[in-house]
Amino acid sequence: MKLMSKCRVALLVATALGMSACNDGKDGNDGLPGEPGAPWVPPVVTTSAVAKVMEWQYAEGVVNVEFSVENQDGVPVEDLDKVQLMSTIKNEAGLLADTVDVTWVAGDDNAPGTLTHAGEGIYNLSMPHEAATSESIGTGYIRPGNGENGMPRTKRVMFTKNDSYAQVSTTDDAKCVACHGEFEDATGNATWGWHQHHHAIDNDQEVVVVEACLVCHTQTEQKDGGWAENTMAMLGHGKLADGEGGYLASGHEALAKRMSSEDPSESAYSMDKYRCSTCHIDDVVFTASLNGCATCHADLQDKDLTVNHSNFTDLDCASCHNSFQHEHENGANRDEALNRYNFEVISVVRSEDKATIEVTAKATDSEGKVVDILAIEKTDAEPKGWATVMKNGEAMLPGRDAGHVARSKSTRAGDDNTTVYIIEHALPYEEGEELFGGVDGSVYYTHRWGYSANAPISVSNIKDVRRTSSDGLKCLSCHTEGLDGHGSKRGGFDLGGDSCVQCHSAYNWEPAREGEDYAMAWGPLVHNMHFGAYKQDRGLNDMPTTDRNMPVDCQACHTGMIDLEDVAPAVVLNGMDESSVYGITAISANCATCHTGDAAKNHMIQQGGDFDVVITPEADHTHTGESGDFAVFDPAPITESCSVCHSPARLAEAHNY
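Basis of the calculations
- Residues numbered from 1 in each chain as written.
- Predicted model: local features only at pLDDT ≥ 70, side-chain atom pairs only at ≥ 80, totals over all residues.
- Heavy atoms only, no water.
- Helix = DSSP H or I, 4+ residues; strand = E, 2+ residues; numbered from the N terminus.
- Buried < 20%, exposed > 50% of the residue type's maximum accessible area, 1.4 Å probe, protein only.
- Contact = heavy atoms within 4.5 Å.
- Areas by Shrake-Rupley, 256 points an atom, 1.4 Å probe, with all protein chains shown as cover.
- Pairing = 2+ DSSP bridges.
- Salt bridge = Lys/Arg side-chain N within 4 Å of Asp/Glu carboxyl O.
- Polar contact = N/O pair within 3.5 Å; in protein donor to acceptor, adjacent residues only side chain to side chain.
- Axes fitted to C-alpha atoms, helices over the stretch in contact; angles between N-to-C directions.
- Arc of directions from axis to C-beta.
- Patch = residues over 30% accessible without salt bridge, like charges linked within 9 Å, V, L, I, M, F, W, Y side chains within 5 Å.
- Lys, Arg positive; Asp, Glu negative; His and termini not counted.
- Charge placed at Lys NZ, Arg CZ, Asp CG, Glu CD.
- Phe/Tyr/Trp six-rings, centres within 6.5 Å; stacked < 30°, edge-to-face > 60°.
- Core = buried A, V, L, I, M, F, W, Y, C linked by side-chain atoms within 4.5 Å.
- pLDDT = per-residue confidence, 0-100.

Chemist: Hey, could you go over the overall build of the protein chain for me, with residue numbers and the actual values?
Modeler: Per the secondary structure count, the protein chain includes 15 helices and 29 strands. The buried share of the protein chain, taken over its 657 residues, is 43%. Sequence-distant contacts, at least 24 apart, represent 62% of the contacts inside the protein chain between residues at least 6 apart. Counting only carbon and sulfur atoms, one obtains 50% of the accessible surface of the protein chain, whose full area is about 34200 Å².

Chemist: So what's going on with the pairing of strand S2 (residues 62-71)? Residues and values would help.
Modeler: Bridge analysis of strand S1 (residues 49-59) against S2 gives 10 bridges, and the strand direction is antiparallel. Looking at S2, one finds that Ala51 is bridged to Val69. Here S1 folds back onto S2, and the loop between the two strands holds two residues, one of which, Gly61, carries a positive phi near 75°. Pairing of S2 with strand S6 (residues 122-128), which is carried by seven bridges, proceeds in the antiparallel orientation. Residue pairing for S6: Phe67 is matched across the bridge by Tyr123.

Chemist: Kindly report on the pattern of salt bridges, identifying the contributing residues and their values.
Modeler: All told, the structure shown has 12 salt bridges when counted by the stated rule. Here Lys223 ties to Asp224 by a salt bridge, and the two come within 3.4 Å at their closest N and O atoms. When its relative accessible area of 57% is taken as the criterion, Lys223 is described as exposed. The exposure class assigned to Asp224 is partly exposed, which follows from its relative accessible area of 44%. Residue Arg407 pairs with Asp440 through a salt bridge whose shortest N-O separation is 2.5 Å. With Arg407 in strand S18 (residues 406-407) and Asp440 in strand S21 (residues 434-446), the pair connects residues that are 33 residues apart, well separated along the chain. Judged by relative accessible area, Arg407 falls into the buried class, the value being 14%.

Chemist: Which residues make up the side chain of Ser460, and what are the values?
Modeler: By the element assignment, Ser460 lies in strand S22 (residues 452-460). Looking at Ser460, its side chain comes within polar contact range of the main-chain nitrogen of Ile462, at 3.1 Å. With residues near it in sequence (within four places) discarded, Ser460 still touches Val345, Trp386, Phe436, Gly437, Gly438 and Leu495.

Chemist: So what's going on with the sheet that holds S1? Which residues, and what values?
Modeler: Spatially, S1-S2-S6-S5 is the arrangement adopted by the four strands of the open sheet, whose pairing is antiparallel. Two strands close off the open sheet at either side, each with one partner strand: S1 and strand S5 (114-119). The average angle at which neighbouring strand axes cross in this sheet is 20°, direction not considered.

Chemist: Give me the lowdown on helix H8 (residues 332-340), citing residues and values where you can.
Modeler: Arg334, Ala337, Leu338 and Arg340 are the residues of H8 that are buried. Each buried residue of H8 lies within a common arc of 160° when the element is viewed along its axis, so the set occupies one face. In this structure, the buried residues of H8 make contact with strand S13 (341-350), strand S14 (357-365), S21 and S22.

Chemist: I'd love a proper account of a negative patch on the surface, names of residues and values included.
Modeler: A grouping of Glu182, Glu184, Asp185, Asp204 and Glu206 is seen on the molecular surface, where their side chains present a negatively charged patch. With respect to the helices and strands, Glu206 occurs in the loop between strand S9 (200-201) and strand S10 (207-208).

Chemist: Summarise the pairing of S13; cite the residues concerned and give the values.
Modeler: Put simply, side chains in a regular strand alternate between the two faces of the sheet. Strand direction decides the pairing type here: S13 and S14, joined by nine bridges, are antiparallel. Along S14, the bridge assignment pairs Ser347 with Thr360. From the end of S13 to the start of S14, which pair antiparallel, there are six residues, and Lys354 there has a positive phi angle of about 65°.

Chemist: An account of the packing of aromatic side chains is needed here, citing residue identities and associated values.
Modeler: Counted by the stated rule, this structure contains four aromatic pairs. Measuring from centroid to centroid gives 5.2 Å for Trp56 and Tyr58, while their planes differ by 90°, and the two rings are edge-to-face. Here Trp56 matches Tyr58 in class, with each residue buried. A ring pair is formed by Trp56 and Phe159, whose centres lie 4.5 Å apart and whose planes are at 35°; its orientation type is tilted. In this pair, Trp56 is assigned in strand S1 and Phe159 in the loop between strand S8 (156-158) and helix H2 (173-180), connecting sequence segments 103 residues apart. Its relative accessible area of 3% is what places Trp56 among the buried residues.

Chemist: I'd love a proper account of the nonpolar core, names of residues and values included.
Modeler: The biggest cluster of nonpolar side chains holds 42 residues, and the ones touching the most others in it are Tyr341, Phe343, Val348, Ile357, Val359 and Val439. Not counting residues up to four positions away in its chain, the partners in contact with Ile357 are Val348, Val349, Arg350, Ala387, Thr388, Tyr421, Ile422, Ile423, Ala426 and Leu435.

Chemist: Residues and numbers for the sheet that holds S10, please.
Modeler: On the basis of which strands lie adjacent, the open sheet formed by six strands has the order S4-S3-S7-S8-S9-S10 and mixed pairing. The strands lining the two open edges of the sheet, one partner per strand, are strand S4 (96-105) and S10. Note: strand S3 (residues 82-90) against S4, nine bridges, orientation antiparallel. Residue pairing across strands places Lys82 opposite Val105, the latter belonging to S4.

Chemist: Could you give an account of the confidence of the model for the protein chain, naming the residues involved and the relevant values?
Modeler: With 80% of its residues at a pLDDT of at least 70, the protein chain reaches an overall mean of 82. Within the protein chain, no element has a lower average pLDDT than helix H1 (residues 6-21), which sits at 44, and none a higher one than S6, at 98. Confidence over residues 1-22 falls short of pLDDT 50; this stretch has two contacts with residues more than four positions distant or in other chains. Segment residues 258-268 is flagged for pLDDT under 50; beyond a separation of four residues in sequence, or across chains, it makes 17 contacts in the model.

Chemist: Report on unusual backbone geometry, specifying residues and quantitative values.
Modeler: What is expected of a backbone is that most residues other than glycine have negative phi and most peptide bonds are trans. A positive phi is found at Asn146, a non-glycine position, where the angle reads about 70°. Take Asn146: its relative accessible area is 45%, and that puts it in the partly exposed class. Of note in the backbone geometry, Asp416 takes a positive phi value of approximately 55° without being a glycine. Mapping Asp416 onto the fold places it in the loop between strand S19 (410-413) and strand S20 (419-423). Accessibility expressed as a relative area gives 63% for Asp416, which makes it exposed.

Chemist: Requested: an account of H2, with residues and values cited.
Modeler: Inspection of H2 places Cys176, Cys179 and His180 among the buried residues, and these make up the whole buried set. Projected down its long axis, H2 shows its buried positions confined to an angular sector of 85°, all on one face. At the C-terminal side of H2, Gly181 shows a positive phi close to 80°.

Structure, rendered in structure tokens:
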């Protein structure tokens, strides 16, 4: 039998059928004429929608809102069948208190209010708000969608600002974002933000934070007629309701507790709860209320107070408390001390004989007049010079020398009203070396409660000699006291976290910290403390810029583009004691703080990473420091090839900066 392909058989069959249908070889007759078919219009599909509030006002017992809705393609939504409205108005005491949460649903005879379609995606919503009048002042939002027509809910859309709008006059969104990161991409998993995903937007699609929160977390507690158990003031001040009529320290209040004061068991986060400007805008307009004040003054309504407040109402507060400046000074005394002197580093150079390093500095007072540094040392300040050698972009530190960096033991007057600090315990001179130095110390002042306190001095040439992808001043968004809880004199408002690299260098290490060793270098330490294994193993609070199972908001600390190709190849030191120091390559040391699995570490090793770099100082490589002789650990730099694949763009995509 002759074999034929399936394709050829199919062709023969088709030909035979064709010939049998047209055996005369002619086309068939045309059919009868008919009506042309109606043009087909594809159905409108709404996968997302945008709403805008056009006008709104309060009237007797109602709130009226005119708004528009369009789908993702800008096509008006003409079949809206569900819309939620939340509205809060001020009570007779002038506090946001009376809240309604109402939803209109098409076809539901019991649904409150009415919705009228005006065409072109424009709707008029009228919802009941019993306490409302035409004179009411309030705030609120609408949220159309998620009914039976398949349209997903829009984001919460705030009422527009008009004469009836309750404008916030105590804080702004930027204050929240500084610590908590951007709210736009937050989900229900947001840590520290709790309801961080409950933000709203305005008609320009810009995120609204504080005013959206106030719709629910009003200025009056639930037990006193408010909507939520905790007011906005309670959230901000960090004293939350315990469900039994009392308050528990949480969030901001817990952070503000200092090792040196209220609660020795708390970590020293150096957040000053009396520095109101951390969260509040300048020239704050306060609305006195028992609920707001009681978040800090928990005994406010005790009968035993000098003035019995037990029977007072919110209406009574303003009669006496019309100014808060004398009670809440925004850290005025400390601010004065911080600004009393402005130090400037003129130069950091070797002495003529190369044996010492000389840090030359100048200081001016708050009026810009030059002051004699040697004179103020005897009265109200304690500035000290310090210096070390930079290598591969890191401060070269001699083992565990006391003080970590070499500090000045003597000074002399310089030219042009300058002071020269003599750094005697400097590392030996090397050709082409880079020097890192500055001035730190304290300015004395009297705390508003009468005890002596110190404000830090911190200035250096760090920006000139060390590559950085972060901004140390961003640390002060959360650590409002200039990291005064640790490093005290070295952390200040001139540099913020950048001052920490004096000690937190790749060439320094921490032996047996709580039974474990970990890199003391700045990058790995910050990542570990805020996001990594160190934080998790010790049960520390999640940082406000993190969102569980979501990328972290790197912009909270970092600035601009992060390029691994620019990472200085200084090997990061670890070790349990001076005889067992080992190193980790720079990029791996940072990445492994979060990516702790074996697969991740093996991947890093394949790109040149090393978690066990042998570090053995030469026998004669020692340094005579302030308190003895110390080995100098100076490992050769190791370059990793991570940047070949992990470009700035790919890093940004994975880490949300």
